[in-house]
Amino acid sequence: MIEPFAKPFYITQPLLPDMDEFNEMLKSIWASKQLSNNGTMVKQLERDLSGYLNADYLSVFSNGTVALQLACKVLRLSGEVITTPFTFAATTHSLLWNNLKPVFCDIEEDTYNINPDLIESLITQDTTAIMPVHVFGNPCNVAKIKQIADKYGLKIIYDAAHAFGVKVDGKPISSFGDISMFSFHATKIYHTIEGGALTFKDPYFKERADSLRNFGIKNTDTVLEPGTNGKLNEIQASVGILLLKQVESEIENRKEITNYYRQFLKDIPGIITVNDIEGVSHNYSYFVIRVDKTEYGYSRDELFDKLLEYNVIARKYFYPLCSNFQCYRDYPSSLKDKLPVANKISDMVLSLPLHGRMQKEDVEKISSIIKAIHEG
Ligand code: T4K
């Protein structure tokens, strides 16, 4: 009989900056009296992040969702955008907030990312862009997506919310597509409590994004267009500056925890884990299993409920599929028989707790609980 964890074991636990260093940063912010509106900390964070992510141009925002919404505006998208249903609500919602129509494309069985072989059949004369997601930090098939976009003159916005620091064959993930969006929410591997960034190849795009996040104001005499308030403040920017020093060790720790999970779960029938992809430097944002009821004996939902009895708070990322939300399910592209893989995967996936402060014993215990549930 395995004892439940004494306290809830959550899916993640945020990185925290060193308190003394944070206090020093706060003192300098207090002294400057500059709390928001593109101050010293925001400018430094943008420089630091451009370096870390190897981005040509980068802007930070108050959150990833507003960043994604503004990315659509920067590229002046209209009509239809081909995207994945297997993602967080924010991806699809950002399109609707721009009066764009999401067209859902099915996903690949092994990466859970948009299936590039199906994109072309969804392109119409109204299509202006593709918005793929590097789900759980696993890179999309960037080469194929670029080929299609080039052929049809489409823009690409990558939702890279999960892919901070990921590289493909040594190339930074931000180097693909026209714009990439990173989320810096507290649940992410790197964060600014709330926050996000866009990376661009074109300096004009950064200029526009910077204006759009500040109400479209150009200068004291000119407002160019209806922007919004998407600014990050100085205190959150200072958290970001400090956490950038910890992100490498966080990734290393998570890699170790991920490998323990793979080792401890590998012989449990019906529990499917995913391996690293060759040529990819992963960031180990999430540890996701698939539950095959026929072999495991319980469905994903049953396992989720049973884990709660042990105080293990897993998450069903991403269920329900965006295409099955009430607001999108009547779209022609949302039909279940058009998205068979996404519907199947969404019913099977379960994200298990993963963060850099976890110990080998924690992984061993969670894995033993999963095994004990199977053995009844
Ligand atoms: N695109 C994609 C693909 C995304 O995944 C997201 C966000 C976005 C776009 C939009 O980016 P942002 O606008 O958020 O920057 C979370 C996050 O709120 C969301 O940022 C994230 N994706 C999504 C996948 O997950 P919840 O509702 O699952 O989070 P919550 O509050 O249940 O937190 C999970 C666990 O983390 C808690 O049980 C305990 C722990 N936790 C959480 C917070 C916030 C802490 O220990 N401390 C904390 O401060 O949505």
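Scoring rules and cut-offs
Residues numbered from 1 in each chain as written. Predicted model: local features only at pLDDT ≥ 70, side-chain atom pairs only at ≥ 80, totals over all residues. Heavy atoms only, no water. Helix = DSSP H or I, 4+ residues; strand = E, 2+ residues; numbered from the N terminus. Buried < 20%, exposed > 50% of the residue type's maximum accessible area, 1.4 Å probe, protein only. Contact = heavy atoms within 4.5 Å. Areas by Shrake-Rupley, 256 points an atom, 1.4 Å probe, with all protein chains shown as cover. Lys, Arg positive; Asp, Glu negative; His and termini not counted. Charge placed at Lys NZ, Arg CZ, Asp CG, Glu CD. Near = heavy atom within 4 Å. Polar contact = N/O pair within 3.5 Å; in protein donor to acceptor, adjacent residues only side chain to side chain. Nonpolar A, V, L, I, M, F, W, Y, C, P; charged D, E, K, R; others polar. Domains from an automatic or database assignment. Patch = residues over 30% accessible without salt bridge, like charges linked within 9 Å, V, L, I, M, F, W, Y side chains within 5 Å. Salt bridge = Lys/Arg side-chain N within 4 Å of Asp/Glu carboxyl O. Buried area = accessible area lost by both parts, 1.4 Å probe. Core = buried A, V, L, I, M, F, W, Y, C linked by side-chain atoms within 4.5 Å. Phe/Tyr/Trp six-rings, centres within 6.5 Å; stacked < 30°, edge-to-face > 60°. Lys NZ or Arg CZ within 6 Å of the ring centre and 35° of its normal. Expected span 1.5 Å × (residues − 1).

Points about the overall build of the protein chain
Next, step 1: For the protein chain, the helix and strand inventory stands at 12 helices and 15 strands.
Next, step 2: Within the protein chain, the fraction of its 376 residues that count as buried is 54%.
Next, step 3: In the protein chain, 70% of the contacts between residues at least 6 apart in sequence involve partners at least 24 apart.
Next, step 4: With the model as given, the accessible surface of the protein chain reaches about 17000 Å², and the carbon-plus-sulfur share is 50%.
Next, step 5: In the protein chain, 40 side chains carry a positive charge and 47 a negative one; their mean positions are 3 Å apart.

Considering the site of the ligand
Next, step 1: As a matter of local geometry, the ligand sits amid 25 residues, with Thr 65, Asp 159, His 162, Arg 315 and Tyr 317 nearest to it.
Next, step 2: Thr 65 places a side-chain nitrogen or oxygen 2.6 Å from an oxygen atom of the ligand.
Next, step 3: Between the ligand and Arg 315, the relevant distance is 2.5 Å, taken from an oxygen atom to a side-chain nitrogen or oxygen of the residue.
Next, step 4: For the shell around the ligand, the secondary-structure elements that each account for two or more residues are α3 (64-74), α4 (89-96) and β8 (179-183).
Next, step 5: Grouping the amino acids of the shell around the ligand by side-chain chemistry returns 11 nonpolar, 11 polar and 3 charged.
Next, step 6: Taken together, domain 1 (19-105 + 113-243) and domain 2 (247-375) each give at least three residues to the shell around the ligand, which thus spans both.

Thoughts on the side chain of Asn 98
Next, step 1: Its place among the elements puts Asn 98 in the loop between α4 and β3 (101-104).
Next, step 2: Leave out the neighbours within four places in its chain, and Asn 98 touches Gln 69, Cys 72 and Lys 73.

Here we look at a nonpolar patch on the surface
Next, step 1: A contiguous nonpolar surface patch, about 260 Å² in accessible area, is contributed by Phe 215, Ile 217 and Val 223.
Next, step 2: Position of Phe 215 relative to the elements: it lies in the loop between α6 (203-212) and β10 (217-219).
Next, step 3: On the basis of relative accessible area, Phe 215 is assigned to the partly exposed category, the value being 38%.

Comments concerning the domain arrangement of the protein chain
Next, step 1: When cut into domains, the protein chain gives domain 1 (19-105 + 113-243) and domain 2 (247-375).
Next, step 2: Taking only C-alpha atoms into account, the centre of domain 1 sits 26 Å from that of domain 2.
Next, step 3: Together, the buried faces of domain 1 and domain 2 total about 2600 Å²; carbon and sulfur atoms form 67% of this surface.

Description of unusual backbone geometry
Next, step 1: Here the amide bond leading from Tyr 317 into Phe 318 is cis, since omega sits at 0°, within 30 degrees of zero.
Next, step 2: Among the secondary structure elements, Phe 318 is positioned in the loop between α10 (300-309) and α11 (340-348).
Next, step 3: For the peptide bond that leads from Tyr 319 to Pro 320, omega is -5°, which places it in the cis range.
Next, step 4: Its identity as a non-glycine residue notwithstanding, Lys 33 has a phi of 65°, on the positive side.

Topic: the nonpolar core
Next, step 1: Membership of the largest hydrophobic core comes to 51 residues, with the highest contact counts inside it found for Leu 49, Val 60, Ile 119, Phe 164 and Tyr 190.
Next, step 2: For this core, the elements supplying multiple residues, two or more each, are α1 (19-32), α2 (40-53), β1 (57-61), α5 (142-152), β5 (155-159), α7 (234-243) and α8 (247-265).
Next, step 3: Viewed by domain, this core spans two of them, domain 1 (19-105 + 113-243) and domain 2 (247-375), each represented by three or more residues.
Next, step 4: In this structure Ile 119 touches Ile 82, Cys 105, Ile 114, Ile 130, Ile 145 and Ile 148, once residues within four positions along its chain are discounted.
Next, step 5: Counting residues in each nonpolar core, the second largest holds 27 residues, with Tyr 260, Tyr 261, Phe 304 and Leu 354 among its members.

Let's talk about the packing of aromatic side chains
Next, step 1: In this structure the tally under the stated criterion is 22 aromatic pairs.
Next, step 2: Considering the side-chain rings of Phe 86 and Phe 136, the 6.0 Å spacing of their centres and the 85° angle between planes classify their relative orientation as edge-to-face. Taken as a pair, Phe 86 in the loop between β2 (80-83) and α4 and Phe 136 in the loop between β4 (127-131) and α5 lie far apart in primary sequence, 50 residues in all. Residues Phe 86 and Phe 136 agree in their burial class; the two are buried.
Next, step 3: When the centroid spacing of 5.8 Å and the interplanar angle of 85° are considered together, the rings of Tyr 286 and Tyr 317 count as edge-to-face. Here the residue Tyr 286 occupies a position in the loop between β13 (280-281) and β14 (287-291), and Tyr 317 occupies one in the loop between α10 and α11, the gap between them amounting to 31 residues. Tyr 317 matches Tyr 286 in its accessibility class, with the two residues each being buried.
Next, step 4: An aromatic cluster is defined as three or more aromatic residues linked by ring pairs; in this entry it consists of Phe 86, Phe 88, Tyr 112, Phe 136, Tyr 286, Tyr 317 and Phe 318.
Next, step 5: The ring centre of Tyr 319 lies 4.8 Å from the NZ or CZ of Arg 300, which sits over that ring.

Overview of α8
Next, step 1: The end-to-end C-alpha distance of α8, which contains 19 residues, comes to 26 Å, matching closely the 27 Å that a straight helix rising 1.5 Å per residue would cover.
Next, step 2: Buried residues along α8 sit in contact with α2, α7, β12 (271-272), β14, β15 (349-352) and α12 (360-375).

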